[in-house]
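Structural overview for review
So the chains spell out like this:
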Amino acid sequence: MTGNASAVTFDAAVFGAGPSGSSAAFNLARRGLRVALFDRKPMAEAGPGHVNAVPLRMYDDAGIPRPKAPEHLDDGTPMRIFTKDDRLAFVCTENAACKVDMRRLMDRLHGLCEGEGVRIFERAGAEGVSFAGNRPSSVLVRRENRDGTLESLRVTARLFVDATGMAGALRRRTPALDRHCPPVSPKDTCSATQGVFEITDPTAARAYLERLGGNPEEVLCWLGVEGGWSTINIAVHSDYSKAEILVGCIAEPRFRPSEDIFQEIRDGLPWIGCQLVSGRGRIPLRRPYDRLAVPGLALVGDAACQVFPMHASGVGLGMIGGRLLAECASDHADPGGKDAMHAYQRHYHRRHGSLMAGYDVLRRGFQPLDGESVDRLIRNGFINAESTSQGLAQKPPVPKAEDLGSMLRGTIRNPDLTARLLPKAILMPMATAWYKTYPKRPGKRRLAVWSKVAGRFFPE
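First things first, this report covers the structure right here in the doc. Along every chain, residues carry numbers that run from 1 in the direction the sequence is written. Restriction of local features to residues with pLDDT of at least 70 applies here, the model being predicted, together with a cutoff of 80 or more for giving and counting side-chain atom pairs; totals for whole chains, interfaces and linings are based on all residues. Excluded from the side-chain calculation are hydrogens and water; included are all heavy atoms of the structure.

Remarks on a nonpolar patch on the surface
Stated formally: The patches reported here contain residues having more than 30% relative accessible area and no salt bridge. Joining distances are 9 Å for like charges and 5 Å for nonpolar side chains (Val, Leu, Ile, Met, Phe, Trp, Tyr). Only the protein chains shown count as cover for residues, with accessible areas throughout obtained via the Shrake-Rupley method and a probe of 1.4 Å. Counted as salt bridges are all cases of a side-chain nitrogen of Lys or Arg within 4 Å of a carboxyl oxygen of Asp or Glu. Per the convention used, a helix needs a DSSP run of H or I reaching at least four residues, while a strand needs a run of E reaching at least two, with both numbered from the N terminus. Burial status follows relative accessibility: with a 1.4 Å probe on protein chains alone, a residue under 20% of its type maximum counts as buried, one over 50% as exposed, and anything between as partly exposed.
On the surface, Leu422, Ile426 and Met430 cluster together into a nonpolar patch covering about 280 Å² of accessible area. Along the chain, Met430 falls in helix α12 (residues 415-435). Of the residues examined, Met430 reaches a relative accessible area of 42% and is grouped as partly exposed.

In structure tokens form, the structure reads like this:
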């Protein structure tokens, strides 16, 4: 089959038609490049299909028009944070993360790509990579036609983009880049399960909210349910027709899988009925890879670990990665050349990797804690409405002056937690500052030295 492969040529070929890959394809095409977008699934199924929350400013940063109803579901709803015994700790009223229907977002992104002339190949996945020296020169694609027959394509491009998620379909076939991108370990992986359900007993749903002092559309949130980095979110729609459940925890064997916790919650809410929307997956939490590109190949989205570590949100940061890549590629005569690829990873790390690295230090401090320790952090003001709001907005944490007093008292009352978290609090701004020094020019020695220092902030 490979010997009879049809040949097609583009300036850029993007593999993975999720948010980050579609953003890259759209932004590359609107800058005048001939672009192809590939996905193993039909386009109607490519990318996530559940509900997600993204700060609206991230669409602006990604060069994507902001969503509108019915894709846009809310303007950021208040969050009620509870302790393990269902006591209200605080209410975060400023929530910049606005929910969107991801299926509708994906349909819109694919439409934007088509509008810019992107050639779309569905049911088409990478089967092999050929090289000119160390640089990818072509990708063998196997494509399933609508009649069920298979055909092979030999895709040649000056720039290949891997947006295939943690699978890294092109990255793992490219030794020059893969050696710098270690597999994401379970302790750095979020297991997430989500569902939207029909409410069969609105009266019982209303009573549930009243017992917790909550309101429709608010997110009821429990932290530390299965280790320090874990959460349960429950929300009831304003008309009491639907309810949403989201569970996230670390994908290590010592923790219960998110699917089990999700099922337990579902069984405990007899007023919900059939599941209307489902979402499940594994999401990388670690800081972005030190190397995001080599000549001829760039990573975006989950393939690059471009995910906010504190709550596993990667839609916005991945779409932004797509735009930054397009800007750097189009600024150079060779869109996949060494200078273009280094410019991309330099700009991304300095602008966004610095934020993610700082929060990854913090995440690693919280993760080993048990639920009781997380409750103590909440009760003593270390986790409060302001820090929660900043995390949801994916902005640097800056405590308010009025919160410093309670945090100081909490430090004195909890010397054991202080001893565990203070080193992380010190390292967090240092890691952020180091990422803003990502080497200005390419060079193996420069990058190796930078990576060696960066690794010291994240001891294994």
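Things to note about the side chain of Glu244
What counts is decided by this rule: Pairs of N or O atoms within 3.5 Å make up the polar contacts considered here, provided that, within protein, one atom can donate a hydrogen while the other can accept it, and that residues adjacent in sequence are counted only when both atoms are side-chain atoms. Only heavy atoms matter for contacts: two residues are in contact if any of them lie within 4.5 Å across the pair.
Inspection of the secondary structure assignment puts Glu244 in strand β14 (residues 242-250). Owing to a relative accessible area of 10%, Glu244 belongs among the buried residues under this scheme. A distance of 2.9 Å separates the side chain of Glu244 from the side chain of His237, its partner in a polar contact. Apart from residues no more than four positions distant in its own chain, Glu244 is found in contact with Val51, Lys99, Gly195, Val196, Asn233, Ile234, Ala235 and His237.

A word on the packing of aromatic side chains
Note the threshold: Pairing of aromatic side chains here covers Phe, Tyr and the six-membered ring of Trp, requires ring centres within 6.5 Å, and sorts the geometry by plane angle: under 30 degrees stacked, over 60 edge-to-face, intermediate tilted.
Taken as a whole and assessed by the stated rule, the structure comprises eleven aromatic pairs. Here the aromatic rings of Trp434 and Trp450 are separated by 6.4 Å at their centres, their planes lie at 15°, and the arrangement is stacked. Of this pair, Trp434 sits in helix α12 while Trp450 sits in helix α13 (residues 444-455), and the two are 16 residues apart along the sequence. Residue Trp434 is classed as partly exposed on the basis of its relative accessible area, which comes to 24%.

Some points on the pairing of strand β1 (residues 6-15)
Taken residue by residue, a regular strand's side chains alternate between the two faces of the sheet. Going by this rule: Pairing between strands is defined by DSSP: at least two bridges between them are needed.
Within β1, seven of the ten residues are buried, leaving the element largely enclosed by the surrounding structure. In the sheet, β1 pairs with strand β10 (residues 150-162) via nine bridges, with the strands oriented parallel. The residue bridging Phe15 from the neighbouring strand is Asp162, located in β10. Relative to strand β2 (residues 35-38), β1 is paired through four bridges, and the arrangement is parallel. For Val14, the partnering residue across the bridge sits in β2 and is Leu37.

Looking at the nonpolar core
Across soluble globular proteins, you tend to see nonpolar side chains buried next to one another. Stated formally: Within this scheme, the nonpolar core is defined by two criteria: the residues are buried Ala, Val, Leu, Ile, Met, Phe, Trp, Tyr or Cys, and they are joined through side-chain atoms within 4.5 Å.
Leu28 and Tyr344 are the most contacted members of the largest nonpolar core, which totals 108 residues. Excluding its chain neighbours within four sequence positions, the residues that come into contact with Tyr344 are Leu292, Ala293, Ala298, Leu299, Val300, Gln306, Gly321, Leu324, Leu325 and Cys328. Judged by nonpolar contacts, the second largest core, of 23 residues, contains Phe82, Ile199, Cys249 and Ile272.

Function cannot be read off these values alone, since they describe shape.
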